[in-house]
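# Examination of the molecular architecture
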Amino acid sequence: MIKKTTLALDVSTSVIGICVFDENGSLISMDHVKYGSNKEQDLFEKADLFEKSVAHLKTLNINDVPMPIQYVAIEEPLLRVQGKHSSAATIGLLNFFNGMISDRCFRLFGVKPTHYNVNHARATVFPQMPKSSETTAKQEVWKRVARMEPQINWKYGPKSRKLINENFDMVDAYVVGTCHIMNIMRQEEMLLAEGKIM
């Protein structure tokens, strides 16, 4: 029996959050790829490193059950300038790299990625979450995911003992993947109700 899985990503030029879910929406793995600065690694080198980090998923097998990637869900990059931490140049770079990673996923798994706005994904997964600043929202989303997945060993700074930023990239990948799975399940329920699938 073959079980199909979902690969979910939060892509930036500094970190890519990576989550893998089984067909029932249960988390299989949560990880990240951390990059050096753009001066240390160009975008092509970063894309190569990402591909090497996820290539093993082509032959994912759990308890002798093949679990190929069927869906790829990726957080879409910023589409417009938002505050002092983004610029047209930054947005262009993020969009370009997001496209590179999307293409690598398609070539590696033969799957066309689906892209999700992070705010839409958060609202879908946590509809009761109050509106807040981006920093506060990231903390609140992390708390909710931590309650949903108590088995995860989160990463803390060795000196500060505070959550390192990579945790939030992994959490955003988790939310995007969960949103995608929820959408797929709703579509299947609708088709089932219409008698289009058995």
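I will try to describe carefully the structure that is included in this document.

## Examining the overall build of the protein
- Across its full length, the protein holds 5 helices and 7 strands.
- Of the regular secondary structure in the protein, the N- to C-terminal order runs β-β-β-α-β-β-β-α-β-α-α-α.
- At 17 Å, the protein has a C-alpha radius of gyration in line with the 16 Å of a compact globule built from 198 residues.
- The principal-axis extent of the C-alpha atoms belonging to the protein is close to 50 × 40 × 35 Å.
- By residue count, 44% of the 198 residues in the protein fall in the buried class.
- Excluding contacts between residues fewer than 6 apart, the proportion of contacts in the protein whose partners are at least 24 apart in sequence is 59%.
- Here the protein has roughly 11600 Å² of accessible surface; of this, 53% comes from carbon and sulfur atoms.
- One way to put it: in the protein the 24 positive side-chain charges average out to a point 6 Å from where the 22 negative ones average out.

## Some points on the pairing of strand β2 (residues 15–21)
- Along β2, 7 of the 7 residues are buried, which leaves the element largely enclosed by surrounding structure.
- Relative to β2, strand β1 (residues 5–11) runs antiparallel, the two being bridged by 6 bridges. Pairing of Val 11 across the sheet is with Ile 16, part of β2.
- Linking β1 to β2, which pair antiparallel, is a turn of 3 residues.
- In this antiparallel pair of consecutive strands, β2 and strand β3 (residues 27–34), the connection spans 5 residues, and Gly 25 shows a positive phi of 90°.

## Comments concerning the pattern of salt bridges
- This model, assessed by the stated rule, comprises 7 salt bridges.
- With a closest N to O distance of 2.8 Å, Lys 34 and Glu 166 form a salt bridge. Taken together, the residues span a long stretch of sequence, with Lys 34 in strand β3 and Glu 166 in helix α5 (residues 166–193) at a distance of 132 residues.
- Judged by relative accessible area, which is 52%, Lys 34 ranks as exposed.
- The closest approach of N and O atoms between Arg 104 and Asp 48, which form a salt bridge, is 2.8 Å. Of this pair, Arg 104 sits in helix α2 (residues 88–109) while Asp 48 sits in helix α1 (residues 43–54), placing them 56 residues apart in sequence.
- Residue classification places Arg 104 among the buried positions, given a relative accessible area of 17%.

## Thoughts on the side chain of Asp 22
- Looking at the secondary structure, you find Asp 22 in the loop between β2 and β3.
- For Asp 22, a relative accessible area of 17% gives the class buried.
- Only 2.8 Å separates the side chain of Asp 22 from the backbone nitrogen of Asn 24, close enough to count as a polar contact.
- If sequence neighbours within four positions are ignored, Asp 22 has contacts with Lys 4, Thr 5, Ile 28, Met 67 and Ile 181.

Parameters at a glance
Residues numbered from 1 in each chain as written. Predicted model: local features only at pLDDT ≥ 70, side-chain atom pairs only at ≥ 80, totals over all residues. Heavy atoms only, no water. Helix = DSSP H or I, 4+ residues; strand = E, 2+ residues; numbered from the N terminus. Rg over C-alpha atoms; globule rule 2.2 N^0.38 Å. Buried < 20%, exposed > 50% of the residue type's maximum accessible area, 1.4 Å probe, protein only. Contact = heavy atoms within 4.5 Å. Areas by Shrake-Rupley, 256 points an atom, 1.4 Å probe, with all protein chains shown as cover. Lys, Arg positive; Asp, Glu negative; His and termini not counted. Charge placed at Lys NZ, Arg CZ, Asp CG, Glu CD. Pairing = 2+ DSSP bridges. Salt bridge = Lys/Arg side-chain N within 4 Å of Asp/Glu carboxyl O. Polar contact = N/O pair within 3.5 Å; in protein donor to acceptor, adjacent residues only side chain to side chain.

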